[in-house]
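# Analysis of the macromolecular model
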Amino acid sequence: MTDIAHSRAIIAREGWPWLLGVIVLAIALWRLQVPLGAGIAAATAVLLFLLFRDPARSIPALPLGVLAPDPETTGTAELRWRRQSRRRAEPAGATGRW
């Protein structure tokens, strides 16, 4: 099994506008001497950073391989498909319900 390493930025591309907007807001509020608002905006920026972080992952080169959202926690596994039975469905019990 060979792994394909993908290099990525720390932040996902979709998160940059949100993160930069909140950082600019925090700086503007700090300059306007509104420390509570600046603190809330800074805390929001930290939460957005955590939300839009994009860690580097190694993707297994397996056919039908599964990439877990967090490989350190959940791991990756190979899927094994079983052929399902082609039996006809039969009513369950005496009531005749399916």
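Residues numbered from 1 in each chain as written. Predicted model: local features only at pLDDT ≥ 70, side-chain atom pairs only at ≥ 80, totals over all residues. Heavy atoms only, no water.

### Focus on the nonpolar core
Where we set the bar: What we call a nonpolar core is a set of buried Ala, Val, Leu, Ile, Met, Phe, Trp, Tyr and Cys residues that are connected through their side-chain atoms within 4.5 Å. Note on exposure labels: buried denotes an accessible area under 20% of the residue type's maximum, exposed denotes more than 50%, and partly exposed covers the range between, all computed with a 1.4 Å probe on protein chains only. Each helix corresponds to a stretch of at least 4 residues labelled H or I by DSSP, and each strand to a stretch of at least 2 residues labelled E; elements are numbered beginning at the N terminus.
Ranked by size, the top nonpolar core spans eight residues in total: Ile11, Leu19, Val22, Ala26, Ala41, Ala45, Leu48 and Phe52. Elements with a minimum of two residues in this core: α1 (16–31) and α2 (35–51).

### Topic: unusual backbone geometry
Positive phi, normally seen in glycine, also occurs at Gln33, with a value near 60 degrees. Within the element layout of this structure, Gln33 appears in the loop between α1 and α2. By relative accessible area, Gln33 is classed as exposed at 69%.

### So, the confidence of the model for the protein
Counted only if it meets this: Each residue carries a pLDDT score, the predictor's confidence in it, ranging from 0 to 100. Residue contacts are defined here by distance: any two heavy atoms, one from each residue, within 4.5 Å place the two residues in contact.
Looking at the protein, pLDDT values average 75 and 55% of them are 70 or higher. The secondary-structure element of the protein with the lowest mean pLDDT is strand β1 (residues 3–5), recorded at 46, while α1 shows the highest, at 96. The model gives residues 1–6 a pLDDT under 50, and that stretch makes 16 contacts with residues more than four places away or in other chains.

### Structural notes on α2
Test applied: Take the number of residues in a helix, subtract one, and multiply by 1.5 Å to get its expected span. Within this analysis, the arc is defined by the directions that extend from the helix axis to the C-beta atoms.
Look at α2: 24 Å from first C-alpha to last across 17 residues, which is about the 24 Å you get at 1.5 Å a residue. Restricting attention to buried positions, one finds in α2 the residues Gly37, Ala38, Ala41, Ala45 and Leu48. Buried residues along α2 cover an arc of 95 degrees about the axis, so they all sit on one side. Away from its buried face, by an angle of more than 90 degrees, α2 presents the exposed residues Pro35, Leu36, Ile40, Leu47 and Leu50. In the core, the buried residues of α2 are packed alongside α1.

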